[in-house]
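Secondary and tertiary structure notes
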Amino acid sequence: QVQLVESGGGLVQAGGSLRLSCIASGRAFSTYAVGWFRQAPGKEREIVAAISWNNRSTYYADSVKGRFTVSRDNAKNTVYLQMNSLKPEDTAVYYCAATMRAVTIISDAYDYWGQGTQVTVSS
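Attention here is on the structure that accompanies the text. Please read these numbers as outputs of a predicted model, since none were measured by experiment. (Residues numbered from 1 in each chain as written. Predicted model: local features only at pLDDT ≥ 70, side-chain atom pairs only at ≥ 80, totals over all residues. Heavy atoms only, no water.)

Here we take up the overall build of the chain. Secondary structure assignment for the chain yields zero helices and eleven strands. Counting from the amino terminus, the chain carries its helices and strands in the arrangement β-β-β-β-β-β-β-β-β-β-β. Over its C-alpha trace the chain gives a radius of gyration of 13 Å, about what one expects of a compact globule, namely 14 Å for 123 residues. In terms of its C-alpha atoms, the chain occupies a principal-axis envelope of roughly 40 × 25 × 25 Å. (Helix = DSSP H or I, 4+ residues; strand = E, 2+ residues; numbered from the N terminus. Rg over C-alpha atoms; globule rule 2.2 N^0.38 Å.)

Right, dumping it as structure tokens:
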């Protein structure tokens, strides 16, 4: 069992930065790959970034490449999403999710999900 809690969302002006945190319970968390997803009003959930359990592989959606960075600190059971140069189109609820499988962009592969944190970017 893995429990995930996101934090760090908020309101920021375009061009600003936020850092989201995904804090997990369980000593086996370091064996899980973690993905970040987001869902805007009226839109389908989409992959933002993902990171493998051993930090060897990362993935970024084309829309966030060069602006977002995913990282993890397994000693703290925490995965981060650093978001720079934020745009109004980044506004969404952001979720972290965990899977024991290899890092993937397929949402159905993720078994554990956090409750989400709201990110709002004003123009």
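In this structure, alanine 40 sits in the loop between strand 4 (33-39) and strand 5 (46-51). On the basis of relative accessible area, alanine 40 is assigned to the partly exposed category, the value being 22%. For the pair alanine 40 and lysine 87, spaced 47 residues apart in sequence, the C-alpha to C-alpha distance is 13 Å. (Buried < 20%, exposed > 50% of the residue type's maximum accessible area, 1.4 Å probe, protein only.)

The next point concerns the pattern of salt bridges. Throughout the structure, instances matching the rule amount to four salt bridges. For aspartate 62, the salt bridge goes to lysine 65, with nearest N and O atoms at 3.1 Å. Residues aspartate 62 and lysine 65 agree in their burial class; the two are exposed. A salt bridge links aspartate 90 to arginine 67; its shortest N-O distance comes to 2.7 Å. Of this pair, aspartate 90 sits in the loop between strand 8 (78-83) and strand 9 (92-99) while arginine 67 sits in the loop between strand 6 (58-60) and strand 7 (68-73), and the two are 23 residues apart along the sequence. Judged on exposure class, the residue aspartate 90 and its partner arginine 67 are both buried. The network of salt bridges with shared partners includes Arg38, Glu46, Arg67 and Asp90. (Salt bridge = Lys/Arg side-chain N within 4 Å of Asp/Glu carboxyl O.)

Our next topic: the state of the cysteines. Summed over all chains, the structure comprises one disulfide. Each disulfide pairs two cysteine sulfurs, and for cysteine 22 the partner residue is cysteine 96, the sulfurs being separated by 2.1 Å. Negative torsions about the S-S bond denote left-handed disulfides, and the value of about 70 degrees found for cysteine 22 with cysteine 96 makes this one right-handed. On the criterion of sequence distance, the pair formed by cysteine 22 in strand 3 (residues 18-24) and cysteine 96 in strand 9 is long-range, its members being 74 residues apart. (Disulfide = S-S within 2.5 Å.)

To continue, consider the packing of aromatic side chains. Within this structure, the stated rule accounts for four aromatic pairs. Arranged with centres 5.3 Å apart and planes meeting at 80 degrees, the rings of phenylalanine 37 and tyrosine 110 form a pair that is edge-to-face. Highlighted residues: phenylalanine 37 in strand 4 and tyrosine 110 in the loop between strand 9 and strand 10 (112-113), separated in sequence by 73 residues. There is no split in this pair, since phenylalanine 37 and tyrosine 110 are both buried. Members of the aromatic cluster, connected to one another through ring pairs, are Phe37, Tyr110 and Trp113. The residue whose ring lies beneath arginine 45 is phenylalanine 37, and the NZ or CZ to ring-centre distance is 5.9 Å. (Phe/Tyr/Trp six-rings, centres within 6.5 Å; stacked < 30°, edge-to-face > 60°. Lys NZ or Arg CZ within 6 Å of the ring centre and 35° of its normal.)

Attention now goes to the pairing of strand 1 (residues 4-7). Consecutive residues of a regular strand have side chains that alternate between opposite faces of the sheet. Residues of strand 1 alternate between two faces, with Leu4 and Glu6 buried on one and Val5 and Ser7 left unburied on the opposite face. As judged from the four bridges shared by strand 1 and strand 3, these two strands associate in the antiparallel manner. Looking at the pairing, leucine 4 lines up with alanine 24 of strand 3. (Pairing = 2+ DSSP bridges.)

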